[in-house]
Amino acid sequence: MEDFPGRNRGAKRQRDAVLAINGNINGIDLAVLEALAKESAVEALDPRTLKKLVLAFERRLKDNIAARLKYPNQPERFADSEIELHEELQKLKGLASAPELYPELVALNTVPSILNLLSHDNTDIAIDVVQLLQDLTDEDTVDENDEAARVLVDALVENNVLELLVQNLLRLSDSDPDEMAAVHGTLATVENLIEVKPAVAELVCEKTKLLKWLMSKIKVKEFDGNKQYASEILAILLQNSEANQKRLGQMNGVDVLLQAVAMYKSKDPKSPDEAEMLENLFNCLCGLLMPLENRDKFLKAEGVELMIIIMKQKKCAYGSAIRALDFAMTKYAPACERFVDVLGLKTAFSAFMGKVPVNKNEKKERYHEELEERIVSLIASLFGGIMRGSRRERLLSKFVENECEKIDRLMELYMRYSNRVKAETDRIDQLDLDDLEMDEEEIYIRKLEAGLYTLQLIAVILGHLWCSEHPQMRGRIELLLKQQKLTKKDVKDILQEYHDNIGDMEGAEEKERSQAKIQKFISAFD
């Protein structure tokens, strides 16, 4: 993502200035040299200089507090002390060039004084603090100083930085350019804190109203940079946190996100940034669909129907809608049943047969591969969720119609992914695994990344078709295998590897149940 206007990056400014000097030495403005010299002077920090900076800051802070207490209704009497306080906060930004001194800053007990200014009556001072925190925690700044960064972030969190940042965020206006920049800076700081201390992702949702604020931004119809960043932060918060997923689900999050993506059911985003926001919103939706309870909310909010409509419109969100359906239907029979009931099979199998819109913003080959993988997963979920009855018959009949063209397509995908996995296996076999220190698990992951998982799902679908005992389908599968000089044993081998690597993340009972299903297919191919 590009820097937001107003985002303060001292190191970047200095690099830009140096480039300007090198590019045009003879015509350089002396003011640029002077500014660069000042920055360099600030950057040459040591513990002694830091103490001087902190003492000066504390002195100006004390003067400002005293002036405000003495002349509470006469702003002109404390305005000068506020300007001086602002200047001291600007000087503290130089600390971003010496992150190794962060533990010293914490030891001087300066963090509480800085953070308390987030509640300052003058929002300009609070904005100064937001910019300072953003600079001090910036990824480029802390990248090679992990330990020092953790010391600072721990101190910030202990002194209620999350609560104070969000309280200040709630009073910032979208109509003021400086405050809009501070909104972006606040979100950037939260992201930086999570990068250093991942536990912040759950803490900030537990202790503050950030989720509520993010939802309010996403509800706004007009697009702007802060709405885009809000969608990105929300996706980060939901990414690996079941607690946050459930929390947002209880806050009507499913409805809000469905309404947000529904705006794009028949139109495309107007810019790359807006397209990125739409992708973020779908990332949020998919994250939200991880807990089963939220899938039920998705069903009740007619999310399945909306995703099918988006697919039918064949706009930019087409692939994202398939992904959301895949998340909603994985191991959740009610969503699979609803999908069949609202006539989703025709739309899904159109995509399965390769009749998909071209996404001009993506690399065409990789875009089609991702769609293939998602639609294969979706069809495998349908077979897993619909085990009997008329819906099952409707699903199976799709593989018979038009002279079994869907089985032909399935075997075409089988061969392509099989060849990719074989090529990767051959590459691994040629490597010196002792030198690379790769164990069996790492080798398996490499094969999954090469397409093994999709190949396994294709084999599972073949297993469902074979177990239907439909003579026309069985005959077609055997014929196509023979044409490729393959046998049922080749399919069994893929299923066996899948069976042997099913994990127990969802519990021992679920693992046993899943393995029993795969074993049924393996036995049927005997």
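Residues numbered from 1 in each chain as written. Predicted model: local features only at pLDDT ≥ 70, side-chain atom pairs only at ≥ 80, totals over all residues. Heavy atoms only, no water.

1. Some points on the overall build of the protein chain
Phase 1: Per the secondary structure count, the protein chain includes 30 helices and 0 strands.
Phase 2: Taking all 526 residues of the protein chain together, the buried fraction comes to 48%.
Phase 3: Partitioning the intrachain contacts of the protein chain with sequence separation of at least 6 by distance along the chain shows that 75% fall at a separation of at least 24.
Phase 4: Accessible surface for the protein chain amounts to roughly 26,400 Å². Of this, 48% is attributable to carbon and sulfur atoms. (Helix = DSSP H or I, 4+ residues; strand = E, 2+ residues; numbered from the N terminus. Buried < 20%, exposed > 50% of the residue type's maximum accessible area, 1.4 Å probe, protein only. Contact = heavy atoms within 4.5 Å. Areas by Shrake-Rupley, 256 points an atom, 1.4 Å probe, with all protein chains shown as cover.)

2. As for unusual backbone geometry
Phase 1: Even without being glycine, N160 reaches a positive phi, approximately 70°.
Phase 2: Its place among the elements puts N160 in the loop between α9 (146-158) and α10 (161-170).
Phase 3: On the accessibility criterion, N160 (37% relative accessible area) is partly exposed.

3. Remarks on the pattern of salt bridges
Phase 1: Taken as a whole and assessed by the stated rule, the structure comprises 33 salt bridges.
Phase 2: For K492, the salt bridge identified is with D526, shortest N-O distance 2.4 Å. Here the residue K492 occupies a position in helix α29 (residues 488-500), and D526 occupies one in the segment after α30 (508-524), the gap between them amounting to 34 residues.
Phase 3: The partly exposed category is assigned to K492, whose relative accessible area is 21%.
Phase 4: On the basis of relative accessibility, which here comes to 63%, the residue D526 falls in the exposed class. (Salt bridge = Lys/Arg side-chain N within 4 Å of Asp/Glu carboxyl O.)

4. Examining the environment of L85
Phase 1: Tracing the chain through its elements places L85 in helix α4 (residues 75-92).
Phase 2: Once the C-alpha coordinates of L85 and D128 are considered, the two residues, 43 residues apart in sequence, prove to be 9.7 Å apart.
Phase 3: Non-local contacts of L85, meaning those with residues more than four positions away in its chain, are made with F57, R60, L61, N64, L117, H120 and I125.

5. With respect to helix α24 (residues 389-397)
Phase 1: The set of residues buried in α24 consists of R392, L395 and L396. Angular distribution of buried residues about the axis of α24 spans 95°; they occupy a single face of the element. Residues S390 and E393 are exposed on α24 and point more than 90 degrees away from its buried face. (Arc of directions from axis to C-beta.)

6. Examining the packing of aromatic side chains
Phase 1: Here the structure, examined in full by the defined rule, presents 5 aromatic pairs.
Phase 2: Measuring from centroid to centroid gives 5.8 Å for F383 and F399, while their planes differ by 40°, and the two rings are tilted. Of this pair, F383 sits in helix α23 (residues 364-385) while F399 sits in the loop between α24 and α25 (401-430), and the two are 16 residues apart along the sequence.
Phase 3: A relative accessible area of 0% places F399 in the buried class.
Phase 4: Linked through ring pairs, F349, F352, F383 and F399 together constitute an aromatic cluster.
Phase 5: Taking NZ or CZ as reference, R77 lies 4.0 Å from the ring centre of Y71, over its face.
Phase 6: Here the guanidinium or amino end of K267 rests over the ring plane of Y264, the centre of that ring lying 5.5 Å away. (Phe/Tyr/Trp six-rings, centres within 6.5 Å; stacked < 30°, edge-to-face > 60°. Lys NZ or Arg CZ within 6 Å of the ring centre and 35° of its normal.)

7. Observations regarding the environment of M307
Phase 1: Residue placement: M307 occurs in helix α19 (residues 303-313).
Phase 2: Looking at M307, the relative accessible area reads 0%, which means it is buried.
Phase 3: Sequence separation between M307 and G344 is 37 residues; the distance between their C-alpha atoms is 9.5 Å.
Phase 4: When near neighbours in sequence (up to four residues on either side) are disregarded, M307 contacts L258, V261, F282, L285, F298, A321, A324 and L325.

8. So, the packing of helix α13 (residues 210-219) against helix α16 (residues 253-262)
Phase 1: Between α13 and α16, whose axes approach to 9 Å, the crossing angle comes to 25°. In terms of orientation, α13 lies roughly parallel with respect to α16. Considering how the two elements wind past one another, α13 and α16 form a crossing that is left-handed. Residue-level contacts link M215, I218 and K219 of α13 to G253, V256 and A260 of α16.
Phase 2: Looking at the contact of α13 with α16 residue by residue, the class counts come to 4 nonpolar, 1 polar and 1 charged. (Axes fitted to C-alpha atoms, helices over the stretch in contact; angles between N-to-C directions. Parallel < 35°, antiparallel > 145°, perpendicular 65-115°, else oblique. Left-handed = near helix turned anticlockwise from the far one by under 90°. Nonpolar A, V, L, I, M, F, W, Y, C, P; charged D, E, K, R; others polar.)

9. Things to note about the side chain of S113
Phase 1: Within the secondary structure, S113 is located in helix α6 (residues 111-116).
Phase 2: Within polar-contact distance, the side chain of S113 engages the side chain of E58 at 3.2 Å.
Phase 3: If we skip the residues at most four places from it in the chain, S113 touches F57, E58 and L61. (Polar contact = N/O pair within 3.5 Å; in protein donor to acceptor, adjacent residues only side chain to side chain.)

10. Quick look at a negative patch on the surface
Phase 1: On the surface, a cluster of negative charge is contributed by E139, D143, E144, D146 and E195.
Phase 2: Along the chain, D143 turns up in the loop between α8 (139-142) and α9. (Patch = residues over 30% accessible without salt bridge, like charges linked within 9 Å, V, L, I, M, F, W, Y side chains within 5 Å. Lys, Arg positive; Asp, Glu negative; His and termini not counted. Charge placed at Lys NZ, Arg CZ, Asp CG, Glu CD.)

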